[in-house]
Amino acid sequence: MRNSSPPPPSQQQPADAAERRVQEATKERLREAIEELQRRQRCAKVGLQPPCDHADESCIANAVGNLCQSFLLSYGIRVGIGILLRAFKLARLKSYSSLLDLKQLVSEKDLIVREEACRIGLLFGGFSGSYHAIRCLLRKWRKKETPINAILAGSVAGLSILALDDSSRRRTLALYLLARLAQCAYNSAKSKNKFHLWGSHWSHGDTLLFAIACAQVMYAFIMRPESLPKSYQDFIQKTGPVAKPVYKAVRDCCRGSPVDVASLSAYLSTRRGSSTVKLEEFPTIIPCSVIHPGINSCFLHNANAASATFRKTFPLYFSLTFVPFVVLRLQKFMDAPVRTCWHAVTGAVRSTTFLSAFVGIFQGVICSHRKVALKDHKLVYWVAGGIAALSVLLEKKARRGELALYVLPRAGESLWYILVNRHLLPDIKNAEVALFCTCMGGIMYYLEHEPDTMAPFLRGLIRRFLASKISNPSISSNRGASYTYLQTLDDIKQPKVQDNSDTETSSGEKYNLESIPGL
């Protein structure tokens, strides 16, 4: 009888990683259950009012500690992203010596992020601190702990959105939370067998949602650019290969308005090989020779557009991947810095490839339409956005849903603007603030009482970033045998890590922010 050979290391490593993730998730759920049981036991003993979760410090100290922690974390992430993007810019200019010169790397002239970083810090820090303070106040005033406390505290703390002075950014954030709240409510109803959407079991439902959202966004960018935030317009414009005068000519052509021949001629005069292009004031369609002047081949133009997009956006995606991981998971970074950098690079390459493919496919659909049609139509750009969105299949499955819920508020904001502009919705001042407060009340309810309905990414982000004391309660002196059992669970070592237990312990004590009171 033949003995089965052990699996190769390449197959064993993913299995070990999956087993570690399962064990970590199991321990986290067990810890939460025991913490809830201990809290209820303390409530039963006291009888008058439920005790706060911060037994070793006052309510004020707990709120201030959360405020300071969230402020510093968000401020550090924003500044870190700005510094890394500045370093990429200097490296692109081949000014490598400037990377060691702090005057050029972090000067106020070239790195203007201080005000924005402070506003973001006040938003997250203000919400975290005020949420915990209001929770403690409601707990003592009402003498009981109910879901109403979480809803009221989250709603009132949501006023921290006023730290952002741009109403467009506030509206975008409010619509993003509205999408997340709808996701939680739907998951809650579905888990209780009360309601579910047809097709919700589809394996590519997230891709379909992303395609619909992208179709609306790209249609709005071409036909109604004023309905998108200025920063989002600039991002799409810089990422794509088509100039602003061409977009305006396409928009006027679809609407039947006269094309600004003077501005279009001025743009074409700066492009090599475009002097023979004939321009009309009322064209039926803008030809490819105007969309990509100087390049006769549409395929070559689209390939160059995808390549240029990759070069332009890779520094951004690497910064957004690397900096938050280092700041929020410092211990894991110090334990395995090379692996962290490798994951950041591979993640950035994958996301940048997705965006580059999106740009190439979108331009390809536009050029293909001009090969077979004699008249332009605005719905072409809606369809092109939906087809280009299929490039999201290059991303990981878990990332597709996050991207869909990120783009969906942009589409909703564009639709909101169009409906208000057509007087189909009332224009209420600061409506986004009320919407944000309402959504935060609902989000905090689901976080506290139905956490399984939230996406793991959002749940982990809020617990670690906004409400760290929920997931990292201070060690109270009245914990009994159940807490001893939790400590025993923490002593369980993962396979292939026992040999390095001494090293991990020392590094954890030195670099673990969660072990510091208030952090």
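Residues numbered from 1 in each chain as written. Predicted model: local features only at pLDDT ≥ 70, side-chain atom pairs only at ≥ 80, totals over all residues. Heavy atoms only, no water.

J.: Looking at this structure, I do not really get the nonpolar core. What am I missing?
T.: As a rule of thumb, nonpolar side chains are buried together in soluble globular proteins. Ranked by internal contacts, the top residues of the largest apolar core, which has 56 residues, are Phe210, Val246 and Phe322. When residues of this core are assigned to their parent elements, the largest contribution, eleven residues, is made by helix α7 (residues 205–223). Setting aside residues no more than four positions away along its own chain, valine 246 makes contact with Leu264, Tyr267, Val290 and Ile291. In this structure, Ile161, Phe436, Leu458 and Ile462 belong to the second largest nonpolar core, which totals 30 residues. (Core = buried A, V, L, I, M, F, W, Y, C linked by side-chain atoms within 4.5 Å. Buried < 20%, exposed > 50% of the residue type's maximum accessible area, 1.4 Å probe, protein only. Helix = DSSP H or I, 4+ residues; strand = E, 2+ residues; numbered from the N terminus. Contact = heavy atoms within 4.5 Å.)

J.: What is the right way to read the environment of serine 74 from this model?
T.: With respect to the helices and strands, serine 74 occurs in helix α2 (residues 59–92). Take serine 74: its relative accessible area is 2%, and that puts it in the buried class. C-alpha of serine 74 to C-alpha of glycine 121: the two residues are 47 residues apart in sequence and 5.1 Å apart in space.

J.: What is the right way to read the pattern of salt bridges from this model?
T.: Between side chains of opposite charge, a pair can form as their charged atoms come close. As enumerated under the stated definition, the model contains 15 salt bridges in all. With a shortest N-O distance of 3.1 Å, glutamate 145 and arginine 135 are connected by a salt bridge. Taken together, the residues glutamate 145 in the loop between α4 (114–142) and α5 (147–157) and arginine 135 in helix α4 connect sequence positions ten residues apart. The salt bridge involving glutamate 145 is made with arginine 139; its shortest N-O contact spans 2.8 Å. A residue is classified by how much of its surface remains accessible, and arginine 139, at 5% relative accessible area, is buried. One salt-bridge network, in which partners are shared between bridges, spans Arg135, Arg139, Glu145 and Glu448. (Salt bridge = Lys/Arg side-chain N within 4 Å of Asp/Glu carboxyl O.)

J.: Can you walk me through α7 in this structure?
T.: Because an α-helix packs 3.6 residues into every turn, residues spaced three or four apart end up facing the same way. Given a rise of 1.5 Å per residue, 19 residues ought to cover 27 Å, and the 27 Å separating the end C-alpha atoms of α7 matches this to within 8%. Summarising burial for α7: 15 of the 19 residues are buried, a large majority. (Expected span 1.5 Å × (residues − 1).)

J.: Can you walk me through the packing of helix α6 (residues 167–191) against helix α17 (residues 431–449) in this structure?
T.: The angle between the axes and the distance between the axes are what describe a pair of packed helices. Where α6 meets α17, the axes come as close as 8 Å, and the angle between the chain directions of the two elements is 35°. In terms of crossing hand, the pair formed by α6 and α17 is left-handed. Broken down by class, the residue content of the contact of α6 with α17 amounts to 15 nonpolar, three polar and four charged. (Axes fitted to C-alpha atoms, helices over the stretch in contact; angles between N-to-C directions. Left-handed = near helix turned anticlockwise from the far one by under 90°. Nonpolar A, V, L, I, M, F, W, Y, C, P; charged D, E, K, R; others polar.)

J.: Please explain empty space enclosed by the protein as it appears in this structure.
T.: In this approach, a probe sized like a water molecule rolls over the atoms, and the result shows the empty space that is left. Scanning the model with the defined rule gives one cavity of 30 Å³ or more in all. Reported here for the largest cavity is a volume of approximately 70 Å³. Lining the largest cavity are Ile222, Val242, Val246, Tyr247, Val250, Ile291, Phe362, Gln363, Ile366, Arg370 and Tyr381. The set of elements that each furnish at least two residues to the lining of the largest cavity consists of α9 (244–255) and α14 (337–372). Per element, the largest residue contribution to the lining of the largest cavity is four residues, and it comes from α14. Residue classes in the lining of the largest cavity are distributed as nine nonpolar, one polar and one charged. (1 Å grid on protein atoms, 1.4 Å probe; cavity = no way out; pocket = protein on both sides within 12 Å on 5 of 7 lines; lining within 4 Å. Points joined across faces, edges and corners; volume = space filled by probe spheres on them.)

J.: What am I meant to see in the side chain of serine 227 here?
T.: Mapped onto the secondary structure, serine 227 falls in the loop between α7 and α8 (230–239). A distance of 2.9 Å separates polar atoms of two side chains, one belonging to serine 227 and the other to serine 414. Those residues in contact with serine 227 that lie beyond four places of it in its chain are Ala220, Glu413, Ser414, Tyr417 and Ile418. (Polar contact = N/O pair within 3.5 Å; in protein donor to acceptor, adjacent residues only side chain to side chain.)

J.: I tried to follow the packing of α7 against α8 on my own but got confused; where do I start?
T.: It is the contact of α7 with α8, at a shortest axis distance of 11 Å, that shows an interaxial angle of 90°. Viewed along their axes, α7 and α8 adopt a mutual orientation that is roughly perpendicular. From α7, Val217, Met218 and Phe221 reach across to α8, where they touch Tyr232, Gln233, Ile236 and Gln237. Its residues assigned to classes, the contact of α7 with α8 comprises five nonpolar, two polar and no charged. (Parallel < 35°, antiparallel > 145°, perpendicular 65-115°, else oblique.)

J.: Explanation requested: unusual backbone geometry in the structure shown.
T.: For residues other than glycine, phi is negative in most cases, and the peptide bonds are mostly trans. Even without being glycine, histidine 423 reaches a positive phi, approximately 60°. Mapped onto the fold, histidine 423 is located in the loop between α16 (397–421) and α17. Here histidine 423 falls in the exposed class, since its relative accessible area comes to 73%. Of note, the phi angle at asparagine 430 is positive, near 60°, even though the residue is not glycine. Within the element layout of this structure, asparagine 430 appears in the loop between α16 and α17.

J.: So what exactly am I meant to see when it comes to the environment of serine 319 here?
T.: Along the chain, serine 319 turns up in helix α12 (residues 298–328). Along the backbone, serine 319 and isoleucine 81 are 238 residues apart, and their C-alpha atoms lie at a distance of 5.4 Å. Look past the residues within four positions of serine 319 in its chain and what remains in contact with it is Ile81, Leu84, Leu85, Phe88 and Pro324.

J.: Quick question: what am I supposed to make of the packing of aromatic side chains here?
T.: Note on aromatic pairs: each is described by the distance of the centres and the angle between the planes. Taken as a whole and judged by the stated rule, the model has seven aromatic pairs. A ring pair is formed by tyrosine 445 and tyrosine 446, whose centres lie 5.0 Å apart and whose planes are at 70°; its orientation type is edge-to-face. Classification of tyrosine 446 as buried rests on a relative accessible area of 13%. An aromatic cluster is defined as three or more aromatic residues linked by ring pairs; in this entry it consists of Phe310, Phe314 and Phe318. It is arginine 410 that lies over the ring of tyrosine 232; its NZ or CZ is 4.4 Å from the centre. (Phe/Tyr/Trp six-rings, centres within 6.5 Å; stacked < 30°, edge-to-face > 60°. Lys NZ or Arg CZ within 6 Å of the ring centre and 35° of its normal.)

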